[in-house]
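Each chain is listed here by its residues.
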Amino acid sequence: MSQEISENQVVNKSVNNENAANELVQSEQNSAPQNQEDNFDNLQKAVQILAQAKQLDEIQRYDKALSLYRQGVDMLLEEMIVRQGTEQSRSYLRDKCNDFMNRIDQLKVMLQNQKTEDKENEAKS
């Protein structure tokens, strides 16, 4: 039970700030030149993908959630490389990526354990 609580806390902590991320995107968009608009579109897509991953995670569709978390993190990391933002926005993206990568690691372990249990159960049958 405590493991479930801690996993839920990580998910809530790592993804629950979607509004903050959207506000960050909006504030950066308002101060950005026109040629950087595509970058903000990509950042917005990453936020949407990560929100969808969180929803799947909450309903225990871990395989699909894991895939979307990875895709979203890849997009955030790409944004950090190509985007010239404020130190605050870069720090925020770094922190979010770390949170999501921690959740990815947790899901990988959970899925691996589940596969091992399934194989053991099949062997007993």
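Just so you know, the residues in each chain are numbered from 1, in the order the chain's sequence is written. Reporting in this predicted model follows two pLDDT cut-offs: at least 70 for local features of residues, and 80 or more for side-chain atom pairs to be given and counted; totals over whole chains, interfaces and linings ignore these cut-offs and use all residues. Side-chain numbers come from the whole structure's heavy atoms, not from hydrogens or water.

A. Region of interest: the overall build of the chain. Labels follow the DSSP assignment, with helices taken as runs of H or I lasting at least four residues and strands as runs of E lasting at least two, numbered in each case from the N terminus. Of the regular secondary structure elements, the chain holds five helices and zero strands. If you list the helices and strands of the chain from N to C, you get α-α-α-α-α. Burial classes follow relative accessibility: with a 1.4 Å probe on protein chains only, a residue under 20% of its type's maximum area counts as buried, one over 50% as exposed, and anything between as partly exposed. In the chain, which comprises 125 residues, the proportion classed as buried is 37%. In this analysis, two residues are considered to be in contact whenever any of their non-hydrogen atoms come within 4.5 Å of each other. The contacts in the chain between residues at least 6 apart in sequence include a share of 67% that link residues at least 24 apart. Looking at the chain as shown, the accessible area adds up to about 8100 Å², and 43% of this sits on carbon and sulfur atoms. Accessible areas in this description were obtained via Shrake-Rupley with a 1.4 Å probe; residue shielding takes into account the shown protein chains only.

B. Here's a closer look at the environment of Lys64. Mapped onto the secondary structure, Lys64 falls in helix 4 (residues 62-82). Judged by relative accessible area, Lys64 falls into the partly exposed class, the value being 41%. As for Lys64 and Gln52, which are separated by twelve residues in sequence, their C-alpha atoms are 9.7 Å apart.

C. The nonpolar core, seen in detail. What we call a nonpolar core is a set of buried Ala, Val, Leu, Ile, Met, Phe, Trp, Tyr and Cys residues that are connected through their side-chain atoms within 4.5 Å. Counting 22 residues, the largest nonpolar core has Tyr69, Leu76, Phe100 and Leu107 as its most contacted members. Breaking this core down by element, the ones donating at least two residues are helix 3 (37-58), helix 4 and helix 5 (87-124). With nine residues, helix 4 is the largest single contributor of residues to this core. Excluding its chain neighbours within four sequence positions, the residues that come into contact with Leu107 are Asp57, Tyr62, Ala65, Leu66 and Tyr69.

D. Just the packing of helix 4 against helix 5, in detail. Convention adopted: a line fitted to C-alpha atoms gives each axis, helices being fitted over their contacting stretch, and angles between N-to-C directions are expressed from 0 to 180 degrees. Two elements in contact, helix 4 and helix 5, have axes whose closest approach is 9 Å; the angle formed by their N-to-C orientations is 155°. The angle between helix 4 and helix 5 falls in the class roughly antiparallel. Here helix 4 and helix 5 pass one another in a crossing that is left-handed. In terms of residue class, the contact of helix 4 with helix 5 is built from 16 nonpolar, no polar and seven charged. Every angle not falling under 35 degrees, over 145, or within 65 to 115 is termed oblique; those three ranges are roughly parallel, roughly antiparallel and roughly perpendicular. By convention the crossing between two helices is left-handed if the near helix lies anticlockwise of the far one by an angle smaller than a right angle, and right-handed if it lies clockwise. Under this grouping Gly is polar, as are all residues other than the nonpolar Ala, Val, Leu, Ile, Met, Phe, Trp, Tyr, Cys and Pro and the charged Asp, Glu, Lys and Arg.

E. Spotlight on the packing of aromatic side chains. We call Phe, Tyr and Trp rings a pair once their centres come within 6.5 Å, taking the six-membered ring for Trp, and we label the pair stacked below 30 degrees between planes, edge-to-face above 60, and tilted otherwise. Going through the model one piece at a time under the given rule, you end up with one aromatic pair. Centroid distance Tyr69 to Phe100: 6.0 Å. Interplanar angle 35°. Geometry classified as tilted. Linking Tyr69 in helix 4 with Phe100 in helix 5, this pair joins segments that are 31 residues apart in sequence. Given the relative accessible area of 0%, Tyr69 is considered buried.

F. Helix 5, seen in detail. Take the residue count of a helix, subtract one, and multiply by 1.5 Å to get its expected span. The end-to-end C-alpha separation of helix 5 is 56 Å, in line with the 56 Å expected for 38 residues at 1.5 Å each. Buried within helix 5 we find Ser89, Tyr92, Leu93, Lys96, Cys97, Asp99, Phe100, Arg103, Ile104, Leu107, Met110 and Leu111.

G. Structural view of the confidence of the model for the chain. What pLDDT expresses is the predictor's confidence in each residue, scored from 0 to 100. Of all residues in the chain, 69% attain a pLDDT of 70 or more, and the chain-wide mean is 78. The secondary structure element of the chain with the lowest average pLDDT is helix 1 (residues 2-15), at 46, and the one with the highest is helix 4, at 93. pLDDT under 50 marks residues 1-17. Its contacts with residues more than four places away, or in other chains, come to 25 contacts.

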